[in-house]
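Listed here are the chains, written in short residue letters.
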Amino acid sequence: MARFRIRNDARAWFNQIADFEHFKVDFDQYYLCLMAGFASGRSNENAPMTEMVDHFVEEYKPASRFLIGLLVIAELRKSGIDVTERTAVRALFKRLVDPHSPNQLTDEGMRRMNAYSSGGYDYLSEQRETKPYTGEEFLRDYVQLIDQAVGPIDSLPAGSQPS
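The structure contained in this document is the topic of the report that follows. (Residues numbered from 1 in each chain as written. Predicted model: local features only at pLDDT ≥ 70, side-chain atom pairs only at ≥ 80, totals over all residues. Heavy atoms only, no water.)

Some words on the overall build of the chain
A count of helical and extended segments in the chain gives six helices and two strands. Along the chain direction, N to C, the helices and strands of the chain fall in the order β-α-α-β-α-α-α-α. What you see for the chain is a C-alpha radius of gyration of 16 Å, in line with the 15 Å of a compact globule of 163 residues. Judged by the C-alpha coordinates and their principal axes, the chain covers about 45 × 40 × 30 Å. A buried classification covers 43% of the 163 residues belonging to the chain. The contacts of the chain with a sequence gap of at least 6 include a subset with a gap of at least 24, amounting to 76%. With the model as given, the accessible surface of the chain reaches about 9100 Å², and the carbon-plus-sulfur share is 51%. Looking at the chain, you have 19 positive and 24 negative side-chain charges, and the mean spots of the two groups are 6 Å apart. (Helix = DSSP H or I, 4+ residues; strand = E, 2+ residues; numbered from the N terminus. Rg over C-alpha atoms; globule rule 2.2 N^0.38 Å. Buried < 20%, exposed > 50% of the residue type's maximum accessible area, 1.4 Å probe, protein only. Contact = heavy atoms within 4.5 Å. Areas by Shrake-Rupley, 256 points an atom, 1.4 Å probe, with all protein chains shown as cover. Lys, Arg positive; Asp, Glu negative; His and termini not counted. Charge placed at Lys NZ, Arg CZ, Asp CG, Glu CD.)

So, in structure tokens, the structure goes:
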């Protein structure tokens, strides 16, 4: 069964802020890396990882569909598929999403989700000079790094700009 996995080096990188009052569960670190991976479009399937859980933890269940949607969007962009290409979108969706699995992802979907989390860690650790030592300074920098990664809204592909 496919499981959420976090980079071994990411755990060490976050160790100084793991007890930060706003981080309630280990999954928070995974989420921060995942969002950075989605924002930067980076993924990495080659780093050593540690298994976490096979489902979205309780604190993240309300966001599970949103995160799966972001995965689908990231993979559409990576594949160069426009959202108007219904057959291609449907095929990609079937490759990534399984509503009957504990995490609602296929094995490939889970592999790609973990790859974006890993790529997000790459992005964060490359953009910062040091690992984070306080939660406050990390969150301040994190917002700026996500903004940088996303870039201006007018650089989005045609058809994906908000109306």
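Digging into the packing of aromatic side chains
All chains considered together, the criterion is met by 14 aromatic pairs. Ring centres of F138 and Y142 lie 5.5 Å apart, and the angle between their planes is 40°; this geometry places the pair in the tilted category. With F138 and Y142 both in helix α6 (residues 135-150), this residue pair falls four residues apart, about one helical turn. You'll find F138 and Y142 in the same group, each marked buried. Ring-pair connections join several aromatic residues into one group, and the members of that group are F4, F27, Y30, Y31, F56 and Y60. (Phe/Tyr/Trp six-rings, centres within 6.5 Å; stacked < 30°, edge-to-face > 60°.)

Considerations on helix α4 (residues 86-96)
Residue pairs three or four apart in sequence face the same way in an α-helix, which turns once every 3.6 residues. Among the residues making up α4, those that are buried are V89, L92 and L96. Seen end-on, α4 carries its buried residues on one side only, within an arc spanning 65°. Residues of α4 that are exposed and point over 90 degrees away from its buried face: R86, T87 and K94. Buried residues along α4 sit against α3 (64-79) and α5 (107-127). (Arc of directions from axis to C-beta.)

A closer look at the pattern of salt bridges
Here the structure, examined in full by the defined rule, presents 15 salt bridges. Two residues, R7 and D9, come together in a salt bridge whose shortest N-O distance is 2.9 Å. Using a relative accessible area of 33% as the deciding quantity, one classes D9 as partly exposed. Notably, a salt bridge pairs D141 with R128, separated by 2.5 Å at the nearest N-O pair. In this pair, D141 sits in helix α6 while R128 sits in the loop between α5 and α6, placing the two residues 13 residues apart along the sequence. (Salt bridge = Lys/Arg side-chain N within 4 Å of Asp/Glu carboxyl O.)

Some remarks on the packing of helix α2 (residues 27-40) against α6
Any two packed helices are characterised by the angle at which their axes cross and by the distance between the axes. Following both chains from N to C, one finds α2 and α6 inclined at 25°, their axes separated by 8 Å at the closest point. By the criterion of interaxial angle, the relationship of α2 to α6 is roughly parallel. Residues Y31, L32, M35, A36, A39 and S40 of α2 form the contact with α6, whose own contacting residues are F138, Y142, I146, A149 and V150. In terms of residue class, the contact of α2 with α6 is built from ten nonpolar, one polar and no charged. (Axes fitted to C-alpha atoms, helices over the stretch in contact; angles between N-to-C directions. Parallel < 35°, antiparallel > 145°, perpendicular 65-115°, else oblique. Nonpolar A, V, L, I, M, F, W, Y, C, P; charged D, E, K, R; others polar.)

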